[in-house]
Amino acid sequence: MLAETLLVARKDLRVEWRAKIALGQVAPLALLILVVLAFALDANSSLLELGAGGLYWVAVLYGGTLLIQRSFDVETDDGNMDAFRMSAIGAPSLFLGKSLALFVQIGLLELVLGSGIAVLYNVRVADWWLLLVAAAAGTVAFSVCGVLWGAMSAGLRVRATLLPLLLVPVLVPILLAGSRAFETALGVRADAGWTWASLMLVIAAVHTAIGFGAFGFLLEEG
Amino acid sequence: MTSVTHSKAKMTATATTRVLGVLAIAATALMAVLGLLISPADVIQGEAVRMLYIHVPSIWIAYGAFVLTSVSSILFLRGRKRREDRGRHYDRLAGSAAEVGVVFTGITLVTGMLWGKVTWGTYWQWDARLTTTVLLFVTYLGYLALRRLPADPIVRSRRAAVMALISFINVPIVHYSVDWWRTLHQKASLSVGRRPEITGEMYWTLLYSTLAVTIVAAWLIIHRYRVIRLEELRDEEALAALISSRLGKDDGSN
Amino acid sequence: MSAVVEFEEVVAVAGAFPVLTGLDLRVDQGEVVLLRGENGAGKTSFLRACAGLISVSSGDAHVLGFDMRVDRRAPRRYIGLLGHENNLYRDLWVREHVEFRATAAGAAESDTDAALIRVGVSKKLWTVPIGSLSAGQRRKVAIASLVVGRPRLWLLDEPHASLDTESRENLDLILAEASQLGATIIFASHESPLTQGIASRVITMGGGRVLEDSGAS
């Protein structure tokens, strides 16, 4: 199963590498969101510094949702879902493979955004370890949820607006936990950042378990 | 096969639901009397406390309805292969329960906001309960949106069932995270979300209101279920007509 | 000779429409079967039902020995399906895509080159993104993706579409070779004059059923 997972992940990443959507379009757009948020908050530097953790995750949420949509657009285009269904690759491997590829893509997005808040919002990192672990945990949770819910709305019409509607309520705990963990890591607040990070891992674990069980089922039509 | 146009099931009312309906009206009337007239005003909140007789039972019933949705979804997914109709009645039950649940969640939010306006002075507070209720509302609104999509009905039912389960598992996660978030940021000055002490007559009124609302909800769910069933019957008939017309056309033509 | 496809009174429904209305058909191993019929006759639905992509609501359906009413996913790994769409990742290079399909099907990576050559995709195109190819070239890449998996049952829906004359003849040769090696081929096509040559049997469908069968077994 590991080989199949890596095969699928490599394929997804290679598609991305050739198309350059994540780097070329989504990352700049998400970065722009950070700028726009600064305008909305009147470039109040103390506000921005306080809110950097939350604003970062909002931008990740936005860009990540676009990446998830794109990941499934690739599969529903040209009837590729049929090829998936006919394939000897097991559904759990498909699930993990796409999650892994998404993890890498969203991770790259976060690198860009992280630099963004460092520069634009003038943050200082108090706890690097917590920051990286929280970012990783949130990204894992985001990827797994995204693939699961992406599959649920894939191939159905009006997908472009349905996916965010279904996905965002699910992502709210991740947004919440990520923001609070980041605030601790950025020294803005003395909170239980590690507990928030572990909450995100729990969310990731729960959704991975569900994905294992339900993904094959979700891929079928009728 | 029962024909929609000829069957007695033209209306969704039966003896059972008529009795239930009458009970519902009577119970609600009594609830209004108890809630508005007989039970006392609260020491601190005054008359505003009466809003709670709708607000609290509504959210309890909503939770109950969503539990029903989830259990039905599980049963639907499990029963697919063994039954002739593939357990469709569980799917219908899941859908009707969710709709009623969303309606009552909406009622909870509106009554909560009105109550908040009177007691706290604002329509909204970022306390744990209100926030999780809003998320619950949007989540199941999404579920209903999924159920309404133009797609193969079986695909749609299956995905909706999976979504119902995942959403339900999400509820404690959302609740825990939001709750914890708010307790960390408890403002000392405002006793946010504190319910009044419920004793005596108010307690019994509240309990009774829950019963009344349950009866209303049950009536709604049954009727909604039957409407869904009728819609499916109509679609099945259209399908059978199509099959026979296709078969009829190709006997000695082309 | 074992039966590869056995359908008895099969009814299949897609959404609210009955796409197969009591279909009876038996195809044995090694046969090359041509499906004919007007648009809407049910050719595509039949192929998809054989692939297990649509479920059978009534009747008996067995593909490669598997009961499709019990588990329609079971025979898929032995089946090569070429539908109307090509199932190509338009951003990938030709070779990358076929390589992915090859590895997913359990074939060796070297089989990729062989398949591409056999299908007639020139080496110059191997490092070109699929999105920039012409319709005919893309069809050939799709065929290569199927060929590389060496399926036991080939289900092809208008495989000759978009192909030029030379490529069509080449495809017919490929099909003939595969059949000789033991594969069973069922393909739907409007190109009767050209393709009847390789088919050992012609079936005409209409209204979701079999109307004529040139070689019932």
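Conventions we followed
Residues numbered from 1 in each chain as written. Chains lettered and ligands numbered in written order. Predicted model: local features only at pLDDT ≥ 70, side-chain atom pairs only at ≥ 80, totals over all residues. Helix = DSSP H or I, 4+ residues; strand = E, 2+ residues; numbered from the N terminus. Rg over C-alpha atoms; globule rule 2.2 N^0.38 Å. Contact = placed C-beta atoms within 7 Å. Nonpolar A, V, L, I, M, F, W, Y, C, P; charged D, E, K, R; others polar. Pairing = 2+ DSSP bridges. Axes fitted to C-alpha atoms, helices over the stretch in contact; angles between N-to-C directions. Expected span 1.5 Å × (residues − 1). Bend = angle between axes of the 7 residues up to and from the residue. Core = buried A, V, L, I, M, F, W, Y, C linked by C-beta atoms within 7 Å. Buried ≥ 20, exposed ≤ 12 C-beta atoms within 10 Å, placed from the backbone. Left-handed = near helix turned anticlockwise from the far one by under 90°. Parallel < 35°, antiparallel > 145°, perpendicular 65-115°, else oblique. pLDDT = per-residue confidence, 0-100.

**Here we look at the overall build of chain A**
- Across its full length, chain A holds eight helices and zero strands.
- Helices and strands in chain A line up, N terminus first, as α-α-α-α-α-α-α-α.
- For a compact globule of 222 residues, the expected C-alpha radius of gyration is about 17 Å, and chain A comes in at 18 Å, within 12% of that figure.
- The principal-axis extents of the C-alpha atoms in chain A amount to approximately 55 × 30 × 30 Å.

**Brief notes about the overall build of chain C**
- Looking only at helices and strands, chain C has six helices and 10 strands in total.
- For 217 residues, the compact-globule formula gives about 17 Å, and the C-alpha radius of gyration of chain C, at 17 Å, lands near that figure.
- When the backbone C-alpha atoms are referred to their principal axes, chain C occupies close to 50 × 35 × 35 Å.
- Taking the intrachain contacts of chain C between residues at least 6 apart in sequence as the baseline, contacts between residues at least 24 apart amount to 69%.

**Quick notes on the interface of chain C and chain A**
- At the junction of the two partners, chain C supplies 25 residues and chain A supplies 20 residues.
- Those elements that place two or more of their residues in the side of chain C that touches chain A are strand E6 (79-82) and helix H2 (94-104) of chain C.
- Top element by residues in the side of chain C that touches chain A is H2 of chain C. It accounts for four residues.
- The residue inventory of the side of chain C that touches chain A, partitioned by class, reads 13 nonpolar, six polar and six charged.

**Some points on the sheet that holds strand E1 (residues 3-14) of chain C**
Residue and element names in this part refer to chain C.
- Strand order across the open sheet formed by four strands is E2-E1-E4-E5, with antiparallel pairing between neighbours. Since the sheet does not close on itself, it has two edges, and those belong to strand E2 (17-28) and strand E5 (66-67), each with one partner.
- Where E1 and strand E4 (residues 56-63) come together, six bridges link them in antiparallel fashion. Looking at E4, one finds that valine 5 is bridged to valine 63.

**Side note on the sheet that holds E6 of chain C**
Residues and elements named next belong to chain C.
- Spatially, six strands are ordered E6-E7-E8-E3-E9-E10 in an open sheet, and the strand pairing comes out mixed. Each having just a single partner strand, E6 and strand E10 (209-213) make up the two edges of the open sheet. Looking at each pair of strands side by side, their axes are set apart by 20° on average, direction ignored.
- Packing of helix H1 (residues 43-50) onto the sheet brings it into contact with strand E3 (32-36), strand E7 (153-157), strand E8 (184-188) and strand E9 (201-206), and relative to E8 it is tilted by some 150°.
- Relative to the sheet, helix H5 (residues 165-180) contacts E3, E7 and E8, its axis offset from that of E8 by approximately 150°.

**Brief notes about helix H8 (residues 193-219) of chain A**
- When the terminal C-alpha atoms of H8 of chain A are compared, their 37 Å separation across 27 residues agrees well with the 39 Å that a helix rising 1.5 Å per residue should span.
- At glycine 213 of chain A, H8 of chain A shows its strongest bend, of approximately 45°.

**Section: the nonpolar core**
- Counting residues in hydrophobic clusters, the biggest one holds 188 residues, and the most contacted among them are Ala141 and Met200 of chain A together with Ala144 and Leu155 of chain C.
- Sequence-distant contacts of leucine 155 of chain C, that is, excluding residues within four places in its chain, are made with Leu47, Cys50, Ala51, Ile79, Gly80, Leu81 and Ile186 of chain C.

**Points about the environment of arginine 14 of chain A**
- As for its placement among the helices and strands, arginine 14 of chain A is situated in helix H1 (residues 2-19).
- Distance from arginine 14 of chain A to glycine 53 of chain A, taken between C-alpha atoms, is 31 Å for residues 39 residues apart in sequence.
- Those residues in contact with arginine 14 of chain A that lie beyond four places of it in its chain are Leu92 and Glu96 of chain C.

**Details of the pairing of E6 of chain C**
All names here are of chain C.
- Neither face of E6 is left uncovered, since the one carrying Ile79 and Leu81 and the one carrying Gly80 and Leu82 both have all their residues buried.
- Of the strand pairs in this sheet, E6 and E7 are connected by four bridges, and their pairing is parallel. Counted as the bridge partner of isoleucine 79 is leucine 153 from E7.

**Some words on the pairing of E10 of chain C**
Residues and elements named next belong to chain C.
- Here E9 runs beside E10; their pairing, made up of four bridges, is antiparallel. Looking at E10, one finds that methionine 205 is bridged to valine 210.
- Following E9, the chain reverses through two residues before pairing antiparallel with E10; glycine 207 in that reversal takes a positive phi of roughly 60°.

**Concerning unusual backbone geometry**
- Positive phi outside glycine occurs at lysine 20 of chain A, with the angle close to 55°.
- Looking at the secondary structure, you find lysine 20 of chain A in the loop between H1 and helix H2 (21-40).

**What to know about the packing of H2 of chain A against helix H5 (residues 91-120) of chain A**
Residue and element names in this part refer to chain A.
- Here H2 crosses H5 at 35°, and the two axes come no closer than 10 Å. In terms of crossing hand, the pair formed by H2 and H5 is right-handed. Across the interface between the two elements, Ala22, Val26, Ala27, Ala30, Leu31, Leu34, Val35 and Ala38 of H2 pack against Gln105, Leu108, Leu109, Val112, Leu113, Gly116, Ile117 and Leu120 of H5.

**A word on the environment of tyrosine 89 of chain C**
- Assignment of secondary structure puts tyrosine 89 of chain C in the loop between E6 and H2.
- The exposure class assigned to tyrosine 89 of chain C is buried, which follows from the 26 C-beta atoms found within 10 Å.
- In the structure, tyrosine 89 of chain C is positioned 40 residues away from proline 129 of chain C in sequence and 8.9 Å away in space, judged by C-alpha atoms.
- Other than its neighbours up to four places away in sequence, tyrosine 89 of chain C contacts Val15, Val74 and Asn80 of chain A together with His97 and Ile130 of chain C.

**Remarks on the environment of glycine 106 of chain B**
- Residue position: glycine 106 of chain B is located in helix H3 (residues 88-119).
- Sequence separation of glycine 106 of chain B and aspartate 235 of chain B is 129 residues, and the distance between their C-alpha atoms is 31 Å.

**Focus on the packing of H2 of chain A against helix H3 (residues 45-76) of chain A**
Residues and elements named next belong to chain A.
- Following both chains from N to C, one finds H2 and H3 inclined at 150°, their axes separated by 9 Å at the closest point. The angle between H2 and H3 falls in the class roughly antiparallel. Relative to H3, the crossing made by H2 is right-handed. Of the residues in H3, those in contact with Ile21, Ala22, Val26, Ala27, Leu29, Ala30, Ile33, Leu34, Leu37 and Ala38 of H2 are Leu48, Leu55, Ala59, Tyr62, Gly63, Leu66, Leu67 and Arg70.
- Looking at side-chain class alone, the contact of H2 with H3 contains 16 nonpolar, one polar and one charged residues.

**Re the confidence of the model for chain C**
- Confidence in the prediction of chain C, expressed as mean pLDDT, is 89, and 95% of residues score 70 or more.
- Interface scoring of the predicted complex returns ipTM 0.85; its pTM is 0.84.

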